[in-house]
Amino acid sequence: MKNIFKDRRFKHGSLATVMTVGLVAVVVLVNVIFSMLAARFPMDVDLTSNKIFEVSDQTIDYLKGLDKKVTVTVLAKEEDFSGTNTYYNQANEVIQKYAKYTSNITIEYLDLYANPDFVQKYPKDTLYQGYIIVACGDRHQVLTPYDLFNTQTDSSSGSTYITSSKAEQAMTSAVMNVTNANPPTAVVLTGYGVTDVSAYTDTLKTNGYVIEEVDLLTGEIDQDADMLILAAPLTDLSEEVLKKLDTYLDNNGDFGKNLLYFASASQPELPNLEEFLKEWGIIVGDGYLVETDSAKTYVMGPTYTTQQYGDETYTEKLNSTNYPVLMFASRPLSSAFGESGTSSNRSTTVLLSTYDTSAIVPSNLDSDSDWTLADAETGSYATAMIGQRMRYEQLTPLTSRVIVFGSVESVDSSFLSYTALNNGDYVVNLANTVCGKDDGISIVSKTVGAKNLGITEKQSNVIGGFFEFVVPILVLIAGAVIWLRRRNR
């Protein structure tokens, strides 16, 4: 009997050992599986208030449709890159997300100090530690820290510091650029005292556009460009320059070209330019618009007017029309073709307009004028219009367009980046539509700060206490129960 008892204990001990080994194996296997899933798919939770470690739904949708192989090479060890400061850590987290939303993007880290010969692969580029190379086939783009972050220089000390991150903007833009063999080109027309619209052109760059500049006085317009941008010149254009614009838009009768013009309430009379716009069916009126209903003035005052959306062709791809487009002191626009908006092969369409509680403030008011807002006639006025000329090549429509915004401030950096406004999405979607580009997106810069966690102090203490005390106690209890059960068998 004693030998049998020992044999039974031996068998029971062997079974327990097998079960223990099996349990450990299962735990290790589960850990390996979850590690692999975490490396391949986004399984972490971003608790920051503005989701600084996440990428936007727009980027995710774009990545899911990516059908070309892209390699992202960070020229540094990962721990060195992410450990530089909190902004670099945020940028690294964002970069990692790109490989988790598509199998077509590979992330690599390469210490340039340990691999100095790597620069010979890109002889036309100047590469430094910390730079990023986004490559697809024989196309590539180099991202520098100035591409990843918005910076500001202290005038007193001369030191430069990071103010916000645009890592997602830079990454998505670079992927778009290297995977698109024929990106659209937008040409900024300079001279004649034009207004700086670099915030807008930077947004277009982010969305995969090639941006060029041409001086209207001395340069020649590239006939292959998809769109020209003329921003609120302060002196009138010459007949010779206007002929250049006509030639570009006519495109030897093939049309397919676009001119985007921004007006401003601070402009003087520009008879040559205004007559040119009138030929395309758009009259830029005198004065500027204000809103008499305080509920529609946003929060800054009556000169900041919220807009109603017009033609759905230019809104159907917006993320949402629940947010407004905001205009500052917009000049009123109207059609030169009357109520029908058409004349022969030309037509006009309203893109944006004020509510019927807006009014026009005359531009010629002086200190002696007794004019008041009560004297103004309220109504709805167009603030953005498109004039187009079209003909058919058999069954194919050929169209050139002149697009006019009544306010150049509509593409000011503060308007474009403010998430409660649709200015950024709208102007990008408009450009994409007229240029035939389908994959544009608009992304806002993100600030990394100490107050980003979207929970209260009490909630933080509860969460911390749970992981610091409750979880370890539960683990100890579970271990004790297992030990006692095995000991008493």
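Enquirer: Help me out: how do you make sense of the packing of aromatic side chains in this one?
Expert: By the definition in use, this model includes 10 aromatic pairs. Aromatic rings pair up to connect F81, Y87, Y88 and F149 into one cluster. Positioned above the aromatic ring of W280 is the side chain of R346, whose terminal nitrogen or guanidinium carbon lies 5.1 Å from the ring centre.

Enquirer: Sorry if this is basic, but what is going on with the pattern of salt bridges here?
Expert: Two side chains that carry opposite charge are able to pair once their charged atoms sit near each other. Per the counting criterion, the structure on display carries five salt bridges. The closest approach of N and O atoms between R391 and D254, which form a salt bridge, is 3.9 Å. In this pair, R391 is assigned in strand β20 (residues 382–393) and D254 in the loop between α8 (239–250) and β10 (258–262), connecting sequence segments 137 residues apart. Residue classification places R391 among the partly exposed residues on the basis of a relative accessible area of 28%. Taken together, the shared-partner salt bridges connect D254, R391 and E393 into one network.

Enquirer: Got a minute to help me understand the sheet that holds strand β1 (residues 70–74) in this structure?
Expert: Pairing in this open sheet of four strands is mixed, and the strands run β2-β1-β3-β4 from one edge to the other. Sheet topology places β2 (105–109) and β4 (139–143) at the edges, where each strand pairs with a single neighbour. Ignoring which end each strand starts from, the neighbouring axes of this sheet average 15 degrees apart. With five bridges joining them, β1 and β2 adopt parallel strand pairing. Residue pairing in the sheet places T73 in a bridge with E108 of β2. Relative to β2, helix α4 (residues 86–100) is tilted by about 140 degrees, and along the sheet it contacts β1, β2 and β3 (132–136).

Enquirer: In this structure, what is going on with helix α9 (residues 271–279)? I would like to understand it.
Expert: The α-helix advances 3.6 residues per turn, and as a result positions three or four apart in sequence lie on the same side. Those residues of α9 lying buried are L273, F276 and L277. Take α9 and look down its axis: the buried residues cluster within an arc of 95 degrees, on one side only. If you follow the buried residues of α9, they end up packed against β9 (227–231), α8, β10, β11 (282–284) and β21 (396–405). Directly beyond the C-terminal end of α9, a positive phi value near 95 degrees is found at G281.

Enquirer: It is not clear to me how the confidence of the model for the protein should be interpreted in this structure. Could you clarify?
Expert: The predicted model of the protein has a mean per-residue pLDDT of 83, with 81% of residues at 70 or higher. With pLDDT under 50 throughout, residues 450–457 is counted as low confidence; its partners more than four residues away or in other chains account for 15 contacts.

Enquirer: Just checking my understanding: could you explain unusual backbone geometry for this structure?
Expert: Excluding glycine, residues mostly carry a negative phi; peptide bonds, for their part, are mostly trans. Its identity is not glycine, yet Y192 carries a phi of approximately 60 degrees, on the positive side. Within the element layout of this structure, Y192 appears in the loop between β7 (185–190) and α7 (198–206). Residue class for Y192 comes out buried when judged on its relative accessible area of 14%. Within the chain, A232 stands out as a residue other than glycine whose phi angle is a positive 45 degrees. Tracing the sequence through the fold places A232 in the loop between β9 and α8. Exposure remark for A232: the relative accessible area of 1% places this residue in the buried category.

Enquirer: Which parts of the structure should I look at to understand a nonpolar patch on the surface?
Expert: Residues I473, L474, I477 and V481 make up a contiguous nonpolar surface patch of roughly 360 Å² in combined accessible area. With respect to the secondary-structure elements, I477 resides in helix α12 (residues 457–487). You can call I477 partly exposed: its relative accessible area is 48%.

Enquirer: Sorry if this is basic, but what is going on with the pairing of β1 here?
Expert: Consecutive residues of a regular strand have side chains that alternate between opposite faces of the sheet. Among the five residues of β1, four are classified as buried, and the element is accordingly described as predominantly covered. Where β1 and β3 come together, four bridges link them in antiparallel fashion. If you follow T73 over to β3, its bridge partner there is I133.

Enquirer: How do you make sense of α8 when you look at a structure like this?
Expert: For α8, spanning 12 residues, the distance from its first C-alpha to its last is 16 Å, which sits close to the expected 16 Å at 1.5 Å a residue. For α8, the complete set of buried residues consists of V241, L242, K244, L245, Y248 and L249. Projected down its long axis, α8 shows its buried positions confined to an angular sector of 150 degrees, all on one face. Residues of α8 that are exposed and point over 90 degrees away from its buried face: E239, E240 and K243.

Parameters at a glance
- Every chain's residues receive numbers from 1 upward, in the order its sequence appears when written.
- For this predicted model, a pLDDT threshold of at least 70 governs which residues receive local features, and a threshold of 80 or more governs which side-chain atom pairs are given and counted, while totals over whole chains, interfaces and linings are taken from all residues.
- Hydrogens and water molecules were not included; the side-chain quantities draw on all heavy atoms of the structure.
- When two rings of Phe, Tyr or Trp (its six-membered ring) have centres within 6.5 Å they constitute a pair, described as stacked for plane angles under 30 degrees, edge-to-face for angles over 60, and tilted for the intermediate range.
- The rule is short: NZ of Lys or CZ of Arg within 6 Å of the ring centre and within 35 degrees of the ring normal puts a charge over the ring.
- One speaks of a salt bridge when a side-chain nitrogen belonging to Lys or Arg is within 4 Å of a carboxyl oxygen belonging to Asp or Glu.
- What counts as a helix is a DSSP run of H or I of at least four residues, what counts as a strand is a run of E of at least two, and both are numbered from the N terminus.
- Exposure classes here rest on a 1.4 Å probe applied to the protein chains alone. A residue is buried below 20% of its type maximum, exposed above 50%, and partly exposed in between.
- The criterion for strand pairing is that DSSP finds at least two bridges linking the strands in question.
- The convention used is that axes are lines fitted to C-alpha atoms, helices contributing only their stretch in contact, and that angles between N-to-C directions extend from 0 to 180 degrees.
- Contact between two residues is taken to exist if any of their heavy atoms lie within 4.5 Å; hydrogens are not considered.
- By arc we mean the arc of the directions from the helix axis to the C-beta atoms, nothing more.
- On a scale of 0 to 100, pLDDT captures the predictor's confidence in every residue.
- Patches were defined on residues exceeding 30% relative accessible area and lacking a salt bridge, with like-charge contacts within 9 Å and nonpolar side-chain contacts (Val, Leu, Ile, Met, Phe, Trp, Tyr) within 5 Å.
- We get accessible surface area from the Shrake-Rupley algorithm with a probe of 1.4 Å; when it comes to residues, only the shown protein chains can shield them.
- Under the convention used throughout, the expected extent of a helix is 1.5 Å for every residue step, that is, one less than its residue count.

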